[in-house]
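Survey of secondary and tertiary structure
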Amino acid sequence: MIVEFKGKEIEFDEIGDTLDVLDCYDSDVEVFGTDENGVEYLAVGSYSCDELVDIDEDSIEVLD
């Protein structure tokens, strides 16, 4: 999933830990991504039916 953040396109393509299980189909998960310059990012995403469906843009942070 590609998200625009502060003028950069970030491709979130790696699922990390499950943060919260909402029901048997939906959960909040850590997601990792990179921009075109190779900078890595972490965010919280919504995962439903084995698919990443949304990124919480307020949770996006740059990994050091």
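Before reading further, recall that the structure is shown in the block above.
What comes next is a walk through the structure.

Each value, and the rule that gives it
Residues numbered from 1 in each chain as written. Predicted model: local features only at pLDDT ≥ 70, side-chain atom pairs only at ≥ 80, totals over all residues. Heavy atoms only, no water. Pairing = 2+ DSSP bridges. Helix = DSSP H or I, 4+ residues; strand = E, 2+ residues; numbered from the N terminus. Axes fitted to C-alpha atoms, helices over the stretch in contact; angles between N-to-C directions. Disulfide = S-S within 2.5 Å. Buried < 20%, exposed > 50% of the residue type's maximum accessible area, 1.4 Å probe, protein only. Polar contact = N/O pair within 3.5 Å; in protein donor to acceptor, adjacent residues only side chain to side chain. Contact = heavy atoms within 4.5 Å. Lys, Arg positive; Asp, Glu negative; His and termini not counted. Salt bridge = Lys/Arg side-chain N within 4 Å of Asp/Glu carboxyl O.

1. A closer look at the pairing of strand 3 (residues 26-35)
In this structure, strand 2 (residues 8-21) lies alongside strand 3, joined through eight bridges in antiparallel fashion. Bridge pairing in strand 3 places Ile15 opposite Val31. In this structure, strand 3 lies alongside strand 4 (residues 40-48), joined through nine bridges in antiparallel fashion. By the bridge assignment for strand 4, Glu30 is matched with Val44. Connecting the antiparallel pair strand 3 and strand 4 is a turn made up of four residues, with Gly38 showing a positive phi of about 85 degrees.

2. Things to note about the sheet that holds strand 2
The strand order 1-2-3-4-5 describes an open sheet built from five strands, whose pairing is antiparallel. Each having just a single partner strand, strand 1 (2-5) and strand 5 (51-62) make up the two edges of the open sheet. Strand after strand, the sheet turns through a mean of 40 degrees between neighbouring axes, direction not considered. Pairing of strand 1 with strand 2 involves four bridges; the strand directions are antiparallel. Directly across from Val3, in strand 2, lies its bridge partner Ile10.

3. What to know about the state of the cysteines
Across all of its chains, the model carries zero disulfides by this definition. Left without a disulfide partner, Cys24 is nearest to the cysteine sulfur of Cys49, which lies 8.4 Å away. Classification of Cys24 by relative accessible area gives exposed; the value is 70%. Assessed through its relative accessible area of 52%, Cys49 is described here as exposed.

4. Observations regarding the side chain of Ser48
Mapped onto the fold, Ser48 is located in strand 4. There is a polar contact of 2.5 Å between the side chain of Ser48 and the side chain of Asp26. Setting aside anything within four residues of it in sequence, one finds Ser48 in contact with Tyr25, Asp26 and Val53.

5. Description of the side chain of Glu30
Structurally, the position occupied by Glu30 is in strand 3. Notably, Glu30 is buried but unbridged: the nearest opposite-charge side chain belongs to Lys6, and the N-O separation is 19 Å. With near-sequence residues (within four places) excluded, Glu30 lies in contact with Glu14, Ile15, Gly16, Asp17, Leu19, Leu42 and Ala43.

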